[in-house]
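# What the coordinates show
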Amino acid sequence: MSAEQNFSNAKFLTVAEVAQVMRVSKMTVYRLVHSGEMPAVRFGRSYRVPEQAVEQYLKGAVVDGHTETA
């Protein structure tokens with residue numbers, strides 16, 4: 001996501017909302033944000049994640065279904 005992107009039509013989600021959508025803990029979302037894997041904007045002491053960023057992350061996290069055998 002580029003810094004020049006226009007956010008006038010973007011919908012932002014709270015960390016709690018992202019966690020609910022992804023069915024993970026809020027701490028997992030914070031880890032993704034702090035590691036740079038999921039872009040977010042900081043408002044005061046809280047973060048907001050563009051809804052489109054969540055969709056892109058989930059599309060990129062698809063597993064191909066193959067299992068590893070040891």
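Attention in this report is confined to the structure presented alongside it. Since we're looking at a predicted model, the values are computed, not measured.

### Observations regarding the overall build of the chain
- Scanning the chain for helices and strands turns up three helices and three strands.
- The 70 residues of the chain split such that 20% are buried.
- Here the contacts in the chain between residues at least 6 apart in sequence split such that 46% fall between residues at least 24 apart.
- About 5600 Å² of surface is accessible on the chain, with carbon and sulfur atoms providing 49% of the total.

### A look at the nonpolar core
- Ranked by size, the top nonpolar core spans 13 residues in total, and within it Val18, Met22, Val29, Val33, Met38, Val49 and Val54 carry the most contacts.
- Sorting the residues of this core by element identifies helix 1 (15-22), helix 2 (26-35), strand 3 (46-50) and helix 3 (51-60) as the ones contributing at least two each.
- Among the elements that take part in this core, helix 1 stands out by supplying four residues, more than any other.
- Residues in contact with Val33, not counting those within four places in the same chain, are Met38, Ala40, Tyr47 and Val49.

### Section: the sheet that holds strand 3
- Strand order in this open sheet of three strands is 1-3-2, and the pairing throughout is antiparallel. Edge positions in the sheet fall to strand 1 (12-14) and strand 2 (41-43), since each has one partner strand and no second. In this sheet, neighbouring strand axes are inclined to one another by 40° on average, regardless of whether the strands run parallel or antiparallel.
- Where helix 1 meets the sheet, its contacts fall on strand 1 and strand 3, and the angle it forms with strand 1 comes to roughly 90°.

### Brief notes about the environment of Leu13
- Here Leu13 shows up in strand 1.
- With a relative accessible area of 8%, Leu13 lands in the buried category.
- Separated by 39 residues in the primary sequence, Leu13 and Gln52 place their C-alpha atoms 9.8 Å from one another.
- The residues touching Leu13, leaving out its near neighbours within four places in the chain, are Val18, Tyr47, Arg48, Val49, Glu51 and Val54.

Quick notes on the rules
- Residues numbered from 1 in each chain as written.
- Predicted model: local features only at pLDDT ≥ 70, side-chain atom pairs only at ≥ 80, totals over all residues.
- Heavy atoms only, no water.
- Helix = DSSP H or I, 4+ residues; strand = E, 2+ residues; numbered from the N terminus.
- Buried < 20%, exposed > 50% of the residue type's maximum accessible area, 1.4 Å probe, protein only.
- Contact = heavy atoms within 4.5 Å.
- Areas by Shrake-Rupley, 256 points an atom, 1.4 Å probe, with all protein chains shown as cover.
- Core = buried A, V, L, I, M, F, W, Y, C linked by side-chain atoms within 4.5 Å.
- Pairing = 2+ DSSP bridges.
- Axes fitted to C-alpha atoms, helices over the stretch in contact; angles between N-to-C directions.

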